[in-house]
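Geometric and topological summary
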Amino acid sequence: MNPKAKTLPVDTILQGDCIEAMRGLPDKSVDLVFADPPYNLQLGGELLRPDHSKVDAVDDHWDQFSSFAAYDKFTREWLSEARRVLKDDGALWVIGSYHNIFRVGSALQDLGFWILNDVIWRKSNPMPNFKGARFTNAHETLIWAAKSNDRKAGRYTFNYDAMKVFNDDLQMRSDWTLPLCTGEERIKDADGAKAHPTQKPQSLLHRVILSTTKPGDVILDPFFGV
């Protein structure tokens, strides 16, 4: 794909390393980026329930980094490509947990993004803290950021009135109570197991897209299922 081209195919899945795949996309061709990057959970050992059954934790290779420095380098690389492919009036959403969201936020600001909101996704059905050693981790944080604070570049999209109607004619707040992805919504593999351990609920993506895109916009998800 020619990086200088002005358009790119829509409704397309590009398989491969996300950074390398983004390098093949045209400059300023995307209206919105939604990113659910690895959280770098740094898990050590198995996590067990009180009945000693194993918790299906995120221990996949794609979430394992040798150090914080390695994770920071990876974060800056994918954010730099996301910034390049975004239109000047485009925006980015990135979701994370306490393990990584502060590091991602710092990188965003260093690269010139302008943070518009942090949104708390409060899980109505969070996984318990089985060891009883900490508070139940009942939320994740989304950062919504414009490509820059340059007013001349054009205003990012925010469908304020639509979100107000969606919220019983009240201003939509930055704390969203939504359930985890469970049951029939879960994508399964051939063996009936979860295809991805951190699949996000459709209700969350629906709210992001409804609030910050227009019909016909191009949305890039650089971590689609990996």
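The structure this text deals with has already been given above.
A brief look at the structure comes next. (Residues numbered from 1 in each chain as written. Predicted model: local features only at pLDDT ≥ 70, side-chain atom pairs only at ≥ 80, totals over all residues. Heavy atoms only, no water.)

**Looking at unusual backbone geometry**
Even without a glycine there, the phi angle at Lys28 is positive, about 50°. Relative to the helices and strands, Lys28 resides in the loop between helix H1 (18-23) and strand S1 (30-35). You will see that Asp168, though not glycine, has its phi angle at about 60°, which is positive. By the element assignment, Asp168 lies in the loop between helix H4 (160-166) and strand S5 (175-178). (Helix = DSSP H or I, 4+ residues; strand = E, 2+ residues; numbered from the N terminus.)

**A look at the packing of helix H2 (residues 68-85) against helix H3 (residues 101-110)**
Axis separation between H2 and H3 bottoms out at 10 Å; the angle between their running directions is 45°. The angle between H2 and H3 falls in the class oblique. At the point where H2 passes H3, the crossing takes the right-handed sense. Across from Phe68, Tyr71, Asp72, Thr75, Arg76 and Leu79 in H2, the residues of H3 making contact are Arg103, Val104, Ala107 and Leu108. Here the residues of the contact of H2 with H3 are counted per class, giving six nonpolar, one polar and three charged. (Axes fitted to C-alpha atoms, helices over the stretch in contact; angles between N-to-C directions. Parallel < 35°, antiparallel > 145°, perpendicular 65-115°, else oblique. Left-handed = near helix turned anticlockwise from the far one by under 90°. Contact = heavy atoms within 4.5 Å. Nonpolar A, V, L, I, M, F, W, Y, C, P; charged D, E, K, R; others polar.)

**Observations concerning the pattern of salt bridges**
Following the criterion strictly, the structure yields 12 salt bridges and no others. The partner of Arg84 in a salt bridge is Glu81, and the shortest N-O contact between them spans 2.9 Å. Taken together, the positions of Arg84 and Glu81, both in helix H2 and three residues apart, correspond to about one turn of that helix. When its relative accessible area of 23% is taken as the criterion, Arg84 is described as partly exposed. Connected through salt bridges with shared partners, the residues Asp27, Glu81 and Arg84 form a single ionic network. (Salt bridge = Lys/Arg side-chain N within 4 Å of Asp/Glu carboxyl O. Buried < 20%, exposed > 50% of the residue type's maximum accessible area, 1.4 Å probe, protein only.)

**Overview of H2**
Between its terminal C-alpha atoms H2 stretches 26 Å, which fits the 26 Å expected from 18 residues at 1.5 Å a residue. Every buried residue of H2 is listed here: Tyr71, Asp72, Phe74, Thr75, Trp78, Leu79, Glu81, Ala82 and Val85. Looking at the buried side of H2, the elements it contacts are H1, S1, strand S2 (86-96), H3 and strand S6 (219-220). (Expected span 1.5 Å × (residues − 1).)

**Quick look at the pairing of strand S4 (residues 139-146)**
The two faces of the sheet receive side chains in turn, since in a regular strand these alternate between them. The element S4 is extensively covered by neighbouring structure, given that seven of its eight residues are classed as buried. Sheet analysis places strand S3 (residues 114-123) next to S4, joined by eight bridges and oriented antiparallel. Counterpart to Val119 in the pairing with S4 is Leu142. (Pairing = 2+ DSSP bridges.)

**Some details on the side chain of Ser97**
The topology assignment puts Ser97 in the loop between S2 and H3. Note on Ser97: relative accessible area 5%, which makes it buried. Reaching out from Ser97, the side chain makes a polar contact with the side chain of His99 at a distance of 2.7 Å. Dropping the residues within four chain positions of it, Ser97 is found in contact with Tyr39 and Leu41. (Polar contact = N/O pair within 3.5 Å; in protein donor to acceptor, adjacent residues only side chain to side chain.)

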